[in-house]
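# An overview of the molecular structure
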Amino acid sequence: MPQSHPPSILLLARPGLESDELFADLALREDLRLVRVATAAAAARTLAEMPVALVVACPETPAGAVDEVLGALARSRPGTPVLAIRARQAAEPGGWSRAGVAVLRMPLLAGVLSRTIDVVLGMNRAAKASRRGR
């Protein structure tokens with residue numbers, strides 16, 4: 001049964017040229033609904049108010065803010081995948097792998113983010129269908 005509306009992707013990214021360029025190909029997609037917030041607190045409010053299929057954190061998002069979002073997900077939307085885009089050499093907290101956070105390293109080639117989102121959304125749909133089939 002097809003969805004009546006596109007999946008919502010929560011983008012944790014401050015406004016600016018860098019993040020606009022990073023998400024430019026996503027902004028052109030009509031099969032995704034992008035919801036952009038600038039802070040972890042705004043992300044937590046959004047997660048409490050609406051279902052999202054995926055959270056994407058831009059490279060400038062501090063690790064602590066991603067941790068705050070992970071806490072909000074645990075409370076209101078457990079199982080929602082998180083994709084953190086990080087600088088090539090940026091360290092990531094050990095808890096991220098345990099929490100299932102996927103990490104993409106900069107620089108990203110054109111289209112990589114869009115294709116990665118398709119893969120994550122496809123894997124999440126398959127996992128939900130498998131749980132329903134049990």
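A brief report on the enclosed structure follows. (Residues numbered from 1 in each chain as written. Predicted model: local features only at pLDDT ≥ 70, side-chain atom pairs only at ≥ 80, totals over all residues. Heavy atoms only, no water.)

On to the side chain of threonine 80, then. Along the polypeptide, threonine 80 turns up in the loop between helix H4 (63-76) and strand S4 (82-86). Residue threonine 80 is classed as buried on the basis of its relative accessible area, which comes to 16%. Contacts of threonine 80, omitting those with residues within four sequence positions, involve Val52, Ala53, Leu54, Val55 and Leu73. (Helix = DSSP H or I, 4+ residues; strand = E, 2+ residues; numbered from the N terminus. Buried < 20%, exposed > 50% of the residue type's maximum accessible area, 1.4 Å probe, protein only. Contact = heavy atoms within 4.5 Å.)

On to the environment of proline 59. Within the secondary structure layout, proline 59 lies in the loop between strand S3 (54-57) and H4. With 40 residues separating them along the chain, proline 59 and serine 19 place their C-alpha atoms 8.6 Å apart.

This paragraph deals with helix H3 (residues 40-49). Taken together, the buried positions of H3 are Ala40, Ala42, Ala43, Thr46 and Leu47. Looking straight down H3, one finds its buried side chains confined to an arc of 155 degrees; they lie on one side. Across from the buried face of H3, at angles greater than 90 degrees, the exposed residues are Ala48 and Glu49. Along its buried surface, H3 packs onto strand S1 (8-12), strand S2 (33-37), S3 and H4. (Arc of directions from axis to C-beta.)

Where charged atoms from two side chains of opposite charge approach closely, those side chains can pair. Tallied over the entire structure, the rule returns four salt bridges. Across the pair arginine 29 and aspartate 31 runs a salt bridge, and its minimum N-O distance is 2.7 Å. Judged by relative accessible area, which is 40%, aspartate 31 ranks as partly exposed. Three or more residues are tied together by salt bridges with common partners; here these are Arg29, Asp31 and Asp118. (Salt bridge = Lys/Arg side-chain N within 4 Å of Asp/Glu carboxyl O.)

Strand pairing in a sheet takes place through backbone hydrogen bonds and is either antiparallel or parallel in direction. The sheet built from five strands is open, its strands ordered S2-S1-S3-S4-S5 with parallel pairing. The two strands at the open ends of the sheet, each matched to only one other strand, are S2 and strand S5 (102-105). Across the sheet, the axes of successive neighbouring strands diverge by a mean angle of 20 degrees, strand direction being ignored. In this structure, S4 lies alongside S5, joined through four bridges in parallel fashion. Opposite leucine 83, over in S5, you have alanine 102 as the bridge partner. The strands touched by H3 are S1, S2 and S3; relative to S1, the strand with the most contacts, the crossing angle is about 165 degrees. (Pairing = 2+ DSSP bridges. Axes fitted to C-alpha atoms, helices over the stretch in contact; angles between N-to-C directions.)

The subject of this paragraph is the nonpolar core. Residues Leu10, Leu47, Val55 and Val69 are the most contacted members of the largest nonpolar core, which totals 22 residues. Leave out the neighbours within four places in its chain, and leucine 47 touches Leu10, Val52, Val55, Val69, Ala72, Leu73, Ser76 and Arg77. By size, the runner-up hydrophobic cluster in this structure holds 18 residues, among which are Ile9, Leu54, Ile85 and Leu104. (Core = buried A, V, L, I, M, F, W, Y, C linked by side-chain atoms within 4.5 Å.)

Purely geometric stuff here, so don't read any function into it on its own.
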